[in-house]
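Coordinate inspection notes
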Amino acid sequence: MTLVTYIPSPETGVWEIGPFPLRAYALGIIIGALLAIWIGERRFQARGGREGVIADIAIWAIPFGIVGARLYHVATDPELYFAAGKEPIRALYIWEGGLGIWGGIAGGALGAYIAARRAGVSFSAVAGAIAPGLLVAQAVGRIGNYFNQELFGGPSTLPWALEIDPVNRPDGYLQFATFHPTFLYEMLWNLAAAAVLVWLDRRYRFTGYRVFWLYVMLYTAGRFWIEQLRIDEVNEIGPWRLNVWTSLIVFAVAAFLFWFTRGAGPGDFSSNADDPNDEASTSTGDESDDADVSTDDAAGADESLRPDTT
């Protein structure tokens, strides 16, 4: 019996179910989105929110996020689709991989904001509720990179190194068989970050926006070092890959906004917190300051998370 000292790659990332192909990349995104909705619903309701609000918001956030993620990917790697000899139509082939998380977060946030305003609930409350679930969704989504044999790191002989077929190895690395499984590193980092985020939220009762900015900080901190392990060909600025610079800049912005919003209290979870002049918001301010906004305890949750009917 031969002991396998590496992670073998799957033979295929597509399964034919009748006339329809089931792609691991798409399946990971779908499962991740469902988990994010489920986690977000539980957290939102624990704060007194109405059942189904997060699922309704996801109807807007998910397509906005996917479009934003694809736009970012195409905008930052245009040579993959628009250089001489390339097929521009393939920029639309999302199932082949290629989603930029930065565009996904921005697009998803825009969709969630629009939906939250339409539902009459605080976008801050929504952002705080879904933040840990986003990390879980991003972790699950990385499974698609494993099945596609893409976005791996440099050569490695560690017991958890990832086997990559010769056809998927970049130029200059054909002689190597196993590489750092950066998909696995990011998956584990995101799951750990989600657990830390929930713990910090319970411990310090952060407002929704602060939970979200903390999520961004935790994610970008991991992406900063994981990105530097990868060897896929991307655009670079000076000594670093573009996504390394993006991680650093986004982390700095999130850290500033986390500090800037330090004076806000748990009342930020009220349904009208986005409008400080709203009479309904001010009338519930004292109650919301005393509300327990922990994940598991909804006994003292702020009733004003329900949609504004005024």
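Computed from a predicted structure; not experimentally measured. (Residues numbered from 1 in each chain as written. Predicted model: local features only at pLDDT ≥ 70, side-chain atom pairs only at ≥ 80, totals over all residues. Heavy atoms only, no water.)

Structural notes on the pattern of salt bridges
Going through the model one piece at a time under the given rule, you end up with 9 salt bridges. For Asp201, the salt bridge is made with Arg43, and the minimal N-O distance between the two is 2.7 Å. Note that Asp201 is positioned in helix α7 (residues 182-204) and Arg43 in helix α1 (residues 24-46), a separation of 158 residues in sequence. Comparing Asp201 with Arg43, the two get one shared label, buried. One salt bridge connects Arg230 with Asp232, and the closest N-O pair in it is separated by 3.2 Å. We classify Arg230 as buried; its relative accessible area is 9%. Salt bridges sharing partners connect three or more residues here, namely Arg223, Glu227, Arg230, Asp232 and Arg241. (Salt bridge = Lys/Arg side-chain N within 4 Å of Asp/Glu carboxyl O. Helix = DSSP H or I, 4+ residues; strand = E, 2+ residues; numbered from the N terminus. Buried < 20%, exposed > 50% of the residue type's maximum accessible area, 1.4 Å probe, protein only.)

What about the nonpolar core?
Leu135, Leu197, Phe206, Phe212, Leu214, Tyr215 and Tyr219 are the most contacted members of the largest nonpolar core, which has 25 residues in total. Broken down by secondary-structure element, the contributors of at least two residues to this core are α4 (101-119), α5 (123-141), α7, α8 (208-227) and α9 (242-260). Residues within four places of Tyr215 in sequence aside, it is in contact with Ile105, Ala131, Leu134, Leu135, Gln138 and Leu197. Residues Ala112, Val121, Ala125 and Val126 belong to the second largest nonpolar core, which totals 14 residues. (Core = buried A, V, L, I, M, F, W, Y, C linked by side-chain atoms within 4.5 Å. Contact = heavy atoms within 4.5 Å.)

Here's the deal with α7
Counting along an α-helix, one turn takes 3.6 residues, and residues three or four places apart therefore face a common direction. Across its 23 residues, α7 extends 32 Å between first and last C-alpha, which sits within 8% of the 33 Å expected from 1.5 Å per residue. When we look at burial in α7, the residues that qualify are Thr182, Phe183, Tyr185, Glu186, Met187, Asn190, Ala193, Ala194, Leu197, Val198, Leu200 and Asp201. Where α7 is buried, its residues touch α1, α5, α6 (143-148), β3 (162-163) and α8. Within two residues after α7, Arg205 carries a phi angle of roughly 50°, on the positive side. (Expected span 1.5 Å × (residues − 1).)

A closer look at the confidence of the model for the protein chain
The predicted model of the protein chain averages 84 in pLDDT, with 83% of residues at 70 or higher. Averaged pLDDT values over the elements of the protein chain bottom out at 37 in helix α10 (residues 279-283) and peak at 97 in strand β4 (residues 178-179). The model gives residues 265-310 a pLDDT under 50, and that stretch makes 95 contacts with residues more than four places away or in other chains. (pLDDT = per-residue confidence, 0-100.)

Digging into the packing of aromatic side chains
Across all of its chains, the model carries 21 aromatic pairs by this definition. When the ring of Phe212 is compared with that of Trp213, the centres are 5.5 Å apart and the planes differ by 70°; the resulting orientation is edge-to-face. According to the relative accessible area criterion, Phe212 is buried, its value standing at 13%. For Trp213, a relative accessible area of 22% corresponds to the partly exposed category. Over the ring of Tyr204 we find Arg203, and its NZ or CZ is 4.9 Å from the ring centre. A cation over a ring is seen here: Arg210 above Phe258, with NZ or CZ 3.9 Å from the ring centre. (Phe/Tyr/Trp six-rings, centres within 6.5 Å; stacked < 30°, edge-to-face > 60°. Lys NZ or Arg CZ within 6 Å of the ring centre and 35° of its normal.)

A word on the side chain of Glu186
Within the secondary structure, Glu186 sits in helix α7. According to the relative accessible area criterion, Glu186 is buried, its value standing at 4%. Glu186 has contacts with Arg142, Tyr219, Arg223 and Ile226, leaving out every residue within four places of it along the chain.

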